[in-house]
Structure formats: structure tokens, C-alpha cells
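Spelled out, the chains give:
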Amino acid sequence: MAMGKTSYRIFFLSLFLVTGTALSFEILLMRLFSLVHGHHFASMIVSLALLGLGTAGVVLQIFQNRLLPHRDRLYPAVAFLFGLSIVGSFVLAQAIPFNPREMTWSALPWLALSAHYLIYAFPFFFSGMFVALAMSDPRFSTGRLYRADLLGSAAGAACLLMVLFRVPAHRCLAPLGFLALTAAVLATRALPSRAPAWLCAGIVSIGAAFWLLPASLLHPGLSQYKDLAVLRLIPGTETVMEKTTPAAYLELVRVPGSPLRRAPGLAADCAHEPPPQLGVFTDGNLYGTLPLPETAEHPFAYLSCLPVSAVFEQTQRSKVLIKDVFASPELLLGAREHGAVDITGTTMVVALPEALRKALDEPAMGFYFGAPVRYARGMARVVVARTEERYDVIGFWLRGSTGQPVGATSITEQFDLTVEGLRALISHLSDKGVLAVSMWRRHPPYETLKFLATLQAAMHGGAAERVVILGTPSTLTVMAGKSPWAVPEKRRLQQFAASRMFDFVTASPGAPIPSALGEDVRRIFGPDAESFRSNYKFHIQPATDDRPFFHRFFTWRSAGELLDKRTRGGAALVQWDYLARVAALGFAALFGAALLILPVALRRTGTDELPPKRRSILYFGALGLGFLFVELTFIHLFTLFLGHPLLSAGTVVASFLGWAGVGSGRGHRYDLSRVLLVIVIILTLFAAGLGRLLDVLLCLPLPVRTAVAALLCGPPAFFMGMPFPKAMTGLRGTHPKGIPWAWGINGFASVVSPLLAVLLAMHIGFTAVLLLAALCYLTAWWQRPESVGSDISGR
Amino acid sequence: MKKGTHHRLYLLLRIGLLAWSLVPMPASAGDSYARQQEAMIREIRKDVERTVDYIGKDRLDPRVMEAMADVPRHRFVPERLRSIAYENRPLPIGHGQTISQPYIVALMTDLLHTKPGDVVLEVGTGSGYQAAVLSALVERVYTMEIIPPLAESAEKRLRALGYDNVTALQGDGYYGLEAIAPFDAIVVTAAATHIPPPLIRQLKPGGVMIIPVGGPFMTQELIRLTKNEEGQTRSEHILPVVFVPLTGGH
């Protein structure tokens, strides 16, 4: 039945709302996972979204004869279920307890993780079904559908990021559910078989009722194991300030009775206690503390008992840069106490300085705000890339790996802790400047050795003469000079260490080796460093921008030995977060096979009705793998360029959808063979130069960088949007019964691809993953549908 | 197939078997707690033998093992977890806290080198299990817990089970117990960012302190601090562990 112009527009508005809500929900899930579990799980969420979308495609293809006649009723029905499942999936997943810290000891968290994966795929199944129905509807022009799809997706991503500045993530669930139900009403009003008004009113009422659900039902809750949840059990704990940002939920907390007293590395014989501190929490995790002055005369006397004070006690240090300043307030206070005239503190939590300034009491305010302290937002290497300043000290606290499957420092990309990142910082030291980095002392010291290996590579050799280490029972402070330490300087540092019973470790040839740590340090800077690193039981090769996973220590070589030691105090040494990623890949493959491949394989279809299996598996599988390899690589590489994984994911996913949509709309103008070769060339060029290009453009303001990122997604995504629809069109003509196969194989490859991409990147780097993507497209060129057609015709 | 591939397949198989072994199996009706406790003791003995490189000995003090065999661990875990109370693993006890793995409890107790007349301070009572183990070995145990509901339930539990030489108190363990100090040994069963100076001051010359040091919810280092007769301290790393934080964020 024909549709009027107004109905046509209303339908497109409905599609716009469905696709916008779906992408918003995808990004919101990353934020909610960060909030609940401390990690954005971007690759897993992209994977589960594709599982839902792919399954919808397969189901529609298999049951098209039964479903398509009822298309007009299905549009509002699936939009309605989409809305319900947005809220329902969250409520259901919350009801399945997932405590990642029990992964060491119990199978239940692994099962819970797989259940969460499956549950969150449902909303995407329904949104995917809506889009798939529309794409197969002869009443709508494909070009307009793609336009509504991409506009909706882009608008959804942009709106969500803006809303998250004002509204906590969990409070976005009800509005998203409501928007999806509104889409259902619009769909039913647009189509000829329109539903009665009472039904529409009922649907809207259900959407409105989402807002009335008990707050506890849609609140992610604070895991009882999070720092803040435990602290709140102490009577008198009060929240001084709270603020919502897209990156984190911030809270400033005071504990009057049993104050926070963070003082890593405090000398055992220190006569001064650390002063009470306010706790800065992001998403319920302790991010840093703000020591409060106790007495006017000696507000922070304990600083002299900390190893970092060695940095300031030896020489006048005027200009100081502190990376992640609220994670190491002792550096800021030490610099102030020793008369620094210019202190720049960087922070990734952009809203934090202003929020703290408003919340702090008058006596503390002077220490943290006003001259000589100023704050710069973003990664330290991005901050220094935009200035010509030279610093006497650049310091930070190396946030340690939790070793847990989730957590602020589980295996994520850390671009400040790569060879290129450290090199950028060192290049902004003055001639006598020092890079001072403190970290927890571990046994074995794999984290310190990996940092030193990265530092050695960043310094272009000669590091042995430029590095000294102060060790306390709990911490190590690495001090790397821009130039080699002079003998008197070294002697003074040694005396400082001796007076506080700290270890003094140096890698200088000929110096005494005081401990096993000293031996390891000597070897990491020695001539046999490469073989030492290669044979070490943990992965301590330098982190690079290409493999920016500083906190990946897992090696398959020693996994067996460490797993054996699990019950004997060795559980802490097994990197469960790496294994959780492998497990997620396993879930994705299992569910992908069960939902995408099995239903198609079980259909009774004559062999001669299908295209050659090997060719279609290779062609559609290569497209699925290749596309997501590229998208995930871009998400990770743009995390450095845009400064935050959420902003990167939002920009890249929306841009890829947009450009690929435009490409697929224009695909009929291009020859498939040439398109595939152009993609191979573009990806090879990007693999060769994207990293360097981004490094050069790092100094641009953020809005310009965001626009550049969206533009850079264009060349590959525009062409990558063509091969799949072009081949499907070909199949429709030659082997219509092979279409479900194509959907299934492509869907399966797309589901495993995001998780595989990140695991591969940890081992071979993102450049290699991009080259693998190019190889996938080369394979697709080799097995392109023209060959399939000619095979059949020749049979 | 390459050797490396074989190795990975073998590892994946092992991880699969490990995952299967992680599924909690309820104890059968005939399986008494006593039998499970015996099995736990055997497990600890085996683990000690296999960690000789870390701890420098192949067996723990027999007195410690006797205490471990006497204390009914199932009474210190939530009722729903009693069937797995004697497995060599930590268990949640509520409020974000855990009861430590039996091997770690035995090891920490052994490292204290306690004698029958000693007075010991424990910081981080939790369910009271560590205090109960210590009570059989020393004259008196003082144990402190900062979380009020945990402190209260541990105090009741210890009293009900007849551990009369244990005094359970609610308070901030960072400052120890100035009124009772000095102590022959101090055991901290919660993670701290540094060794609290007040606790060092409250340790007798010749005394021993065992404390996990490191960031919250990450791998910490179990450290043994000894104070010689002149009052000088010396610390040594024992092994990496994971403890919940010494609440209060110290």
C-alpha cells in the first residue's frame, strides 16, 4: 500500500530514533561498564552489539517468507521490544551478580560475564531487526534509509556525550527506553496498518513509566568491593562534592573519624604522621587524595619522609609538571614547599580541578589553587606537545596494574607510558631536569622492569648513567636525569636514602649491587637486555604507541607455571584481565556460532542453490574481520588523539557508520574489484603513516582534532561500506538462498573480530592489525563474487 | 603443528580443566567438616612444600598447623558458603571484605614466630578467623576492626566459640592500641600504602610485624618487619598477595 509524504517522513523519523537510540545505548553501555566494573570493555560491547545486529539479519533472512508479509506490524513491535529490552537488559544483568575479583577462585563470574554478554545483545537484535526490515522494504529508497540511519547514529552519539555532562549514566536508560517506544508509536502512525490511539497511548505510558521505576532498579549500585563502598561503612563518612561527567562520576569524600592517610613509601622511622586527606573518587574508585594542612607552621611535615622529596631537596627546581596530579599530591606539595615558581598539574578528569576548587575549604584552597599552581587538562604528552616550556621536574605516580579482570589500570591503552610518550616528556625537561616516577614495589619487580625498559628505549641508550632508584619496603622511585648524574649529586641522593633507610639502586657499571632488584636493573640496562627481557617470566618488553598496553604482563610461556601457583600465593601473579579477554573471545565465538552459523547450517537447502562454501566463507568472513579490525584500531589509536576512550569510541563508531553508509549508497558507481584494491592501498598507507600523522596533529585544539578524526575515518570507511552490499546484491541475483549464509558468516566474523583485534594488537601491534585488515580485503578481492558467479555458471 | 601451538593448546586445555574445577561442588551428606578440614591441612602442607623458594622452609611450625586443624573455619564464613569453607581459597564475608585463603593465614601466623606467653595485635578482624587461630598459640590476642557491623559480629562469634583470650574491638587499627602496647607481634590483615608508624612504635624490641603493603585491590607485597633489641627495624618481602584495603585508605 502506498504511503503519503507525511507518513513517509514520520517513518524516517522513527528509523532515525531507533538507530540513534541504538548507538547511544552502545556508548552508554561502555560508560556503565566503566562505572560498575571499572573498565569500558569497548571491544566486547562492539562485539555484542554486532551479535545482536547480525542475528537479526540472519533471522530475517531465514524467516523472510513468514516475517515479511507482516512487516508493517513488525516495525512497531520490534521498536517496542527494543525499548523494553534497553531497560530490561540492564535490570536483568544487574540481577546476575558479577564479581570479577572472584574470577581467580570461582567459575561463577565467568558464567556471569557470558550471561551479561548475551543479555546486552538483545536490544541490538531488536534495533537490528527494525533496520533490516526497512532495508528490505521496497517502499523506501535505500539511499534515504542509509541517510536516516547514519544521521540517527551520529546524532545519538553526539547527544549522549553532551547529556552525560549533566546526567548520570544510569539515568539515561529510562529516556533511551522512552525514545525507542516513541519510535514504535511513530512507526505505527506512519504505516497503513496504523494501531489504534489507545494502543499508542499505552505504549507512551509504558515509556513514561520507565521514569517511575524504583531508583534502585536502574541504579548500577556500587560494588561492595569498591573503595568508596567500603569507606562508607565507616560512621561519619560524608560526600563533600559530587559531579557527573561523560568520563567519570566524581566524588570528594571526607572521613572525620578515621581519616584517609595515603603516604606510599613513608619512611618506617618517620616522626610525622601523614595529615588527614580528602578522598577523590572516580566511579567509586580511589583516584587520589588531597592532604589537608594540620598546623600553620608545618602543614605537611611528613613530606620529608617520602622518597619523592629527594627530587626537590637536592637542587632548586623552579618549573614542575605533574602528570595526573591528584594521584600524586605529594609531588605538588613537595614542589610548593621547596619554592617551585611554576607548577603545572595535568589531569585526565577534565572537570576535576574546577569541581575541587568550589568544594575545598579556605585553608586547603591556597595549597592547591592560585599561583604558582595551574592545571592543564588531558594526557601529559598532549599537554607538552602544545608548549615550548622546559621543566626542571616532570613527575607522576605510576598507577599500578590491579591484575584483576577489571579496574582503572587493567589492560587498557596508556599512551603516556609508551616509548613515544616518555620521549615526549623527557624532551621537555630542562638540561638539569629530572623525570621522577614512583610506583609500588613488587616481587618480582616486573612492573618496574617494564617501565625501565620503556624508559631505556625512550632515552635512546645511555640510561644507565642517568637513572637512580630509591626503594622503600612498599615503593620504588625512579629518577631519570636529562643528563647523567654528577658524582656529588649521586652522593647526596645516596645520603638522603641512607638517612631514611631507603635502598639506593643505580645501574651504573661498577657500582655495588645491593639487592636482587639491583641485579635486575643492571641487566635491563646491560648489553644482554634483549635476551633478559625475552626470557623473563612476565612481558616486560617496552610499550610503544603501536602496542600501548603497558599493563600487559601476561605471557603464554609462564601462564602454566603461574596457574599452578594459584593456590600457593601465586594467584596475584596471574593476569586474569588478559584471560578474561580470551574468555570473552570464546563467548563471542560460541554465541556467534550458535546464533549466526548454526541456524543457517541447519536449513535444508540444496547444494546447487548455494554459492561455493569456501569462497563465500572467505569473502564474507574476510569482510567481517577486516572492517572491525580497522574500526577497533581506529578507536584505540584515536584514544591518544582525542584524549579519552569514550570520546574516541563515539567519534569513530559514528563516523564509520556515517562514511560507510555514504559509501554503500554510492557503491553502484564503482567497480567492486577496484574498490577492494583501493581499500587495500588505503589501509597499507594508513598502517605506514597514521601514527606519525596523529603525532604531528596532536598540538591542535580538541574540537579540531575531533573533526580531523571524523575526516580520517572517511577514506577507509567510505570504500569499506561498498563490498558487502554489492556482493549481497550480486547474490540476490544468482543465489538468493545463499544470502542467509552470507549474513551468518559476515556476522560471525564481525562478532569475534573486535575482541580478536585487541588481543592481536597486544602481541603484534595495531599497525600489524591494520595490515591484517588489508590482507583480509585482499582475500576478499581474490574471492570476490564475480568468481563465485563464474564458478556457478561453469557448473 | 608447531611446538608453540601445542603448548598453547595444552594451556587452553588446562585452563578449561581449571575452569571446571572452579565450579563449586557442595559437600556430600557424608562429608563431614572434620574430613574437609583434614583435607585442607594436607593441601596447606603440600602448598608449603611447593613454595619453599618463597618462604625459605618446607614445613610450617607444627603448632600453627595444629591451630589450623582445630579452628572450625566453617563457623567463620557465611552460612551459604559453609560447604566450601575448607577449600584453599578466600571467601567473601560481606561488606566488601574476605576471609583469607587458609594457606595465607597459616603462613602469616607462622611468620609471626609467636610463643605461648606473647601478646599479639591483629588489625583487620574480619570474621575473626585469624584471631581464633592465634588464640591457640599465644597468651592474649587483641583484634581491631574498623567496620562496625563486622566488628560486632566477630566479637559475638569469638565469644560464642569460647575464644576467651581474644579481645575484639571496633576502631581504626592504624593507631594500634597505645594503652595495651607494646606487642610481641602485630599482624595486619588488610592492605596499607605504608607501614603505619604508630604500629612500628607499638612493636616490642625483638618483635615481628606482618603486613601487606600496596594499593587497594591490587597485588600487594606481604612484608615481614622485624625490630631488633636496639629498636632498629628491618623489612623483607615474603610474597605477593591480594588483600582488601585497610579501611580508611591508609
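Residues numbered from 1 in each chain as written. Chains lettered and ligands numbered in written order. Predicted model: local features only at pLDDT ≥ 70, side-chain atom pairs only at ≥ 80, totals over all residues. Heavy atoms only, no water.

Asks: Help me get a handle on the overall build of chain A, residues and values and all.
Replies: Looking only at helices and strands, one finds 32 helices and twelve strands in chain A. In chain A, which comprises 795 residues, the proportion classed as buried is 63%. Considering only contacts in chain A between residues 6 or more positions apart, those separated by 24 or more positions represent 76%. Carbon and sulfur atoms make up 63% of the accessible area of chain A, which totals about 28300 Å². (Helix = DSSP H or I, 4+ residues; strand = E, 2+ residues; numbered from the N terminus. Buried < 20%, exposed > 50% of the residue type's maximum accessible area, 1.4 Å probe, protein only. Contact = heavy atoms within 4.5 Å. Areas by Shrake-Rupley, 256 points an atom, 1.4 Å probe, with all protein chains shown as cover.)

Asks: Explain the pairing of strand β9 (residues 429-440) of chain A to me, using residue names and the numbers behind them.
Replies: Residue and element names in this part refer to chain A. Counting buried positions over the twelve residues of β9 gives ten, a clear majority of the element. Both strand β8 (residues 391-397) and β9 contribute to a ladder of six bridges, which runs parallel. Looking at the pairing, Gly395 lines up with Ala436 of β9. (Pairing = 2+ DSSP bridges.)

Asks: Which residues make up the nonpolar core, and what values do they have?
Replies: Residues A:Leu435, A:Phe451, A:Leu455, A:Phe634 and A:Phe638 are the most contacted members of the largest nonpolar core, which totals 216 residues. Per-domain counts for this core show at least three residues from each of domain 1 (1-222) and domain 2 (604-795) of chain A. Among residues more than four places away in sequence, those in contact with A:Leu435 are A:Ile394, A:Phe396, A:Leu422, A:Leu425, A:Ile426, A:Leu429, A:Leu455, A:Val478, A:Met479 and A:Ala480. In this structure, B:Met68, B:Ile104, B:Leu137 and B:Val187 belong to the second largest nonpolar core, which totals 60 residues. (Core = buried A, V, L, I, M, F, W, Y, C linked by side-chain atoms within 4.5 Å. Domains from an automatic or database assignment.)

Asks: Account for the sheet that holds strand β11 (residues 475-481) of chain A, with residues named and values stated.
Replies: In sheet architecture, strand pairing relies on hydrogen bonds along the backbone and comes in two forms, parallel and antiparallel. Residue and element names in this part refer to chain A. If you walk across this open sheet you meet the eight strands as β7-β6-β5-β8-β9-β11-β10-β12, and the pairing is mixed. Edge positions in the sheet fall to β7 (373-377) and β12 (503-506), since each of these pairs with one other strand and no more. Along the sheet, successive strands turn relative to each other by an average axial angle of 20 degrees, direction set aside. Pairing between strand β10 (residues 467-471) and β12: four bridges, direction antiparallel. For Leu470, the partnering residue across the bridge sits in β12 and is Phe504. Those strands touched by helix α17 (residues 419-426) are β8 and β9, and its axis lies near 135 degrees from that of β9. (Axes fitted to C-alpha atoms, helices over the stretch in contact; angles between N-to-C directions.)

Asks: So what's going on with the pairing of strand β4 (residues 285-291) of chain A? Which residues, and what values?
Replies: Put simply, side chains in a regular strand alternate between the two faces of the sheet. Residues and elements named next belong to chain A. In terms of burial, β4 is a largely internal element, seven of the seven residues being buried. Pairing analysis gives six bridges linking strand β3 (residues 277-282) to β4, with the strands arranged antiparallel. What sits directly across from Val280, in β4, is Gly288. What sits between β3 and β4 in their antiparallel hairpin is a turn of two residues, with Asp283 showing a positive phi close to 50 degrees.

Asks: Could you give me a rundown of the confidence of the model for chain B, with the residues and numbers involved?
Replies: Caution applies to low-pLDDT parts of the model: their predicted coordinates are not meant to be read in detail. Residues and elements named next belong to chain B. Chain-level statistics for chain B give a pLDDT mean of 83 and a share of 81% at 70 or above. Counting interchain partners and residues more than four positions distant, the pLDDT-below-50 stretch residues 24-30 has eight contacts. This stretch, residues 244-250, has a pLDDT under 50; its non-local contacts, to residues over four places away or in other chains, come to 38 contacts. (pLDDT = per-residue confidence, 0-100.)

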